[in-house]
Amino acid sequence: MNFSKAEFILSAVEPSKFLRDGLPQIAFAGRSNVGKSSVINRLLGRKNFAHVGATPGKTSQVNYFKLDGAAYLVDLPGYGYAKVSKAERDRWGKLMESYFAAGLISLGVQIVDARHQPTADDRTMAEWFYATGCPVLIVANKLDKLKKSEIEPNLVRIRQTLCPKNEAEVIPFSAETGVGKEELIHRIHDKLHA
Ligand code: GDP
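Please read these numbers as outputs of a predicted model, since none were measured by experiment.

Caption draft 1: Up close: the overall build of the protein. For the protein, the count of helices and strands is five helices and seven strands. Overall, the protein shows an N-to-C arrangement of helices and strands of β-β-α-β-β-α-β-α-β-α-β-α. Sequence separation of 24 or more characterises 77% of the internal contacts of the protein that already satisfy a separation of 6 or more. When the accessible surface of the protein is split by element, carbon and sulfur atoms take 49% of a total near 9600 Å².

And the structure:
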């Protein structure tokens, strides 16, 4: 599957628009501003395919990109942005619950910030993925912002917080420099074909 052969398909703002054509769906989730759009653009080798720096929390939509005709990359709406209204948070919750309940996820990819202890929202998100039974990859993004000596302890902390029972693999990544791109693509292939 060639990740540079990607096309934008649609944005779903309600469950009736979710794609259900049987192609595997690789769902990407992450806190607002964690760099989810940047990670997706890096993977697809595009500059501004997924919209970097979109106003956080303003858009509860599920964006679909088709990868080489073989799978969908599903860009889920970001969470954890403090300044969203209750109405917007409710909309987010309903949309996400519907998507997770639809049983459409083949592989979960959760993006977290390599610098920080995962938040309570990050833990909840990981639990949602684990509950589906799908394989999960955790991408520790913004690695370029860490000193060399900080990398291993931070990765250990992320593993202990999000996957204490080895529920997922943690992949160090930088959307800025491209570190981890080949590893992530490799792992996605492995998990989809396992
Ligand atoms: P999203 O809200 O999760 O989609 O996050 P964006 O992709 O819009 O990124 C949020 C901000 O973090 C932007 O200013 C990006 O340029 C920056 N960013 C994203 N990934 C990285 C990274 O790996 N390293 C650094 N230094 N900055 C990053």
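Caption draft 2: The arrangement of the sheet that holds strand β4 (residues 71-75) in detail. The strand order across the open sheet built from seven strands is β1-β3-β4-β2-β5-β6-β7, with neighbouring strands paired in mixed fashion. Both edges of this open sheet fall to β1 (6-12) and β7 (169-172), since each of them pairs with a single strand only. Each strand of the sheet is rotated relative to its neighbour by a mean of 25 degrees, with strand direction disregarded. Relative to strand β5 (residues 107-113), strand β2 (residues 25-30) runs parallel, the two sharing five bridges. Residue G30 lies in a different strand from β5, and its bridge partner there is I111.

Caption draft 3: Looking closely at the side chain of D122. Take D122: it is sitting in helix α3 (residues 120-132). R31 provides the closest opposite charge to the buried, unpaired D122, separated from it by 4.5 Å. Setting aside chain neighbours within four positions, we find D122 in contact with R31, Y79, Q110, V112 and L162.

Caption draft 4: Representation of the environment of E7 in the model. Relative to the assigned elements, E7 resides in strand β1. The exposure class of E7 is partly exposed, given its relative accessible area of 45%. With 67 residues separating them in the primary sequence, E7 and V74 have C-alpha atoms 12 Å apart. Every residue in contact with E7, bar those within four places of it in the chain, is listed here: F49, Y64, F65 and K66.

Caption draft 5: Here's a closer look at the state of the cysteines. A full pass over the atoms with the stated rule returns zero disulfides. Note on C134: no disulfide assigned, nearest cysteine sulfur contributed by C163 at a separation of 13 Å.

Caption draft 6: Representation of the pattern of salt bridges within the structure. All told, the structure shown has ten salt bridges when counted by the stated rule. D113 serves as the salt-bridge partner of R115, at 2.8 Å between the closest nitrogen and oxygen. The residue R159 makes a salt bridge to E152 at a minimum N-O spacing of 3.7 Å. A relative accessible area of 45% means that E152 is categorised as partly exposed. Here the residues in one salt-bridge network are E169, E183, R187, D190 and K191, joined through shared partners.

What counts and what doesn't
Residues numbered from 1 in each chain as written. Predicted model: local features only at pLDDT ≥ 70, side-chain atom pairs only at ≥ 80, totals over all residues. Heavy atoms only, no water. Helix = DSSP H or I, 4+ residues; strand = E, 2+ residues; numbered from the N terminus. Contact = heavy atoms within 4.5 Å. Areas by Shrake-Rupley, 256 points an atom, 1.4 Å probe, with all protein chains shown as cover. Pairing = 2+ DSSP bridges. Axes fitted to C-alpha atoms, helices over the stretch in contact; angles between N-to-C directions. Buried < 20%, exposed > 50% of the residue type's maximum accessible area, 1.4 Å probe, protein only. Lys, Arg positive; Asp, Glu negative; His and termini not counted. Salt bridge = Lys/Arg side-chain N within 4 Å of Asp/Glu carboxyl O. Disulfide = S-S within 2.5 Å.

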